[in-house]
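One letter stands for each residue in the lines below.
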Amino acid sequence: MKVIVTVVEKIISEAHIDIPDGLNKSAIKQHLVDRYNSGKMVTDMNIFQVYFESINARIVKKYSDAKSA
């Protein structure tokens, strides 16, 4: 029997980064989005918390490949 299991988790990560002084709220948001989109923030992220949300299992019918002789 083959079962496909899907687990959904919500992962909260934290990154402690330095940003330029004097930015307004909009500029801070854009700076963070740009840094994340460029991949520069990913290496700074540390998993802070993981929340289990759901699990789902689906049984898959498996058909054998019968070969003709």
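Going by the structure above, here's the rest.
Summarised in this report is the structure supplied together with it. Quick caveat: nothing in here was measured; it's all calculated off a predicted structure.

Cut-offs used in this document
- Residues numbered from 1 in each chain as written.
- Predicted model: local features only at pLDDT ≥ 70, side-chain atom pairs only at ≥ 80, totals over all residues.
- Heavy atoms only, no water.
- Helix = DSSP H or I, 4+ residues; strand = E, 2+ residues; numbered from the N terminus.
- Buried < 20%, exposed > 50% of the residue type's maximum accessible area, 1.4 Å probe, protein only.
- Areas by Shrake-Rupley, 256 points an atom, 1.4 Å probe, with all protein chains shown as cover.
- Contact = heavy atoms within 4.5 Å.
- Phe/Tyr/Trp six-rings, centres within 6.5 Å; stacked < 30°, edge-to-face > 60°.
- Lys NZ or Arg CZ within 6 Å of the ring centre and 35° of its normal.
- Expected span 1.5 Å × (residues − 1).
- Polar contact = N/O pair within 3.5 Å; in protein donor to acceptor, adjacent residues only side chain to side chain.
- Patch = residues over 30% accessible without salt bridge, like charges linked within 9 Å, V, L, I, M, F, W, Y side chains within 5 Å.
- Salt bridge = Lys/Arg side-chain N within 4 Å of Asp/Glu carboxyl O.

**Concerning the overall build of the protein**
Moving on, step 1. Across its full length, the protein holds one helix and two strands.
Moving on, step 2. Sequence-ordered secondary structure for the protein, helices as α and strands as β, is β-α-β.
Moving on, step 3. Here the protein, with 69 residues, has 1% of them falling under the buried criterion.
Moving on, step 4. With an accessible surface of roughly 6,600 Å², the protein has 53% of that area assigned to carbon and sulfur atoms.

**Things to note about the environment of V5**
Moving on, step 1. Mapped onto the secondary structure, V5 falls in strand β1 (residues 2–14).
Moving on, step 2. The residues touching V5, leaving out its near neighbours within four places in the chain, are I55, N56 and A57.

**Focus on the packing of aromatic side chains**
Geometry of an aromatic ring pair is reported as the spacing of the ring centres plus the angle between the planes.
Moving on, step 1. Considering all chains together, one arrives at zero aromatic pairs under this definition.
Moving on, step 2. Looking at K10, its charged tip hangs above the ring of Y51, at a distance of 5.5 Å from the centre.

**Observations concerning helix α1 (residues 25–37)**
Moving on, step 1. The first and last C-alpha atoms of α1 sit 18 Å apart over 13 residues, in line with the 18 Å expected at 1.5 Å per residue.
Moving on, step 2. With a side-chain oxygen lying 3.2 Å from the backbone nitrogen of S26, the N-terminal cap of α1 falls on N24.
Moving on, step 3. Just downstream of α1, G39 is the residue with a positive phi angle, here 90°.

**Describing the environment of I59**
Moving on, step 1. Relative to the helices and strands, I59 resides in strand β2 (residues 46–60).
Moving on, step 2. Since its relative accessible area comes to 60%, I59 is described here as exposed.
Moving on, step 3. Taking the C-alpha atoms as reference points, I59 and V5, separated by 54 residues in sequence, lie 8.8 Å from one another.
Moving on, step 4. In this structure I59 touches M1, K2 and V3, once residues within four positions along its chain are discounted.

**Concerning a nonpolar patch on the surface**
Moving on, step 1. Judged by side-chain polarity, M1, V3, V5, V7, F52, I55 and I59 come together as a nonpolar surface patch covering roughly 780 Å² of accessible area.
Moving on, step 2. If you list the elements that add at least two residues to the nonpolar patch, you get β1 and β2.

From the geometry alone we can't say anything about function, so treat these as descriptive.
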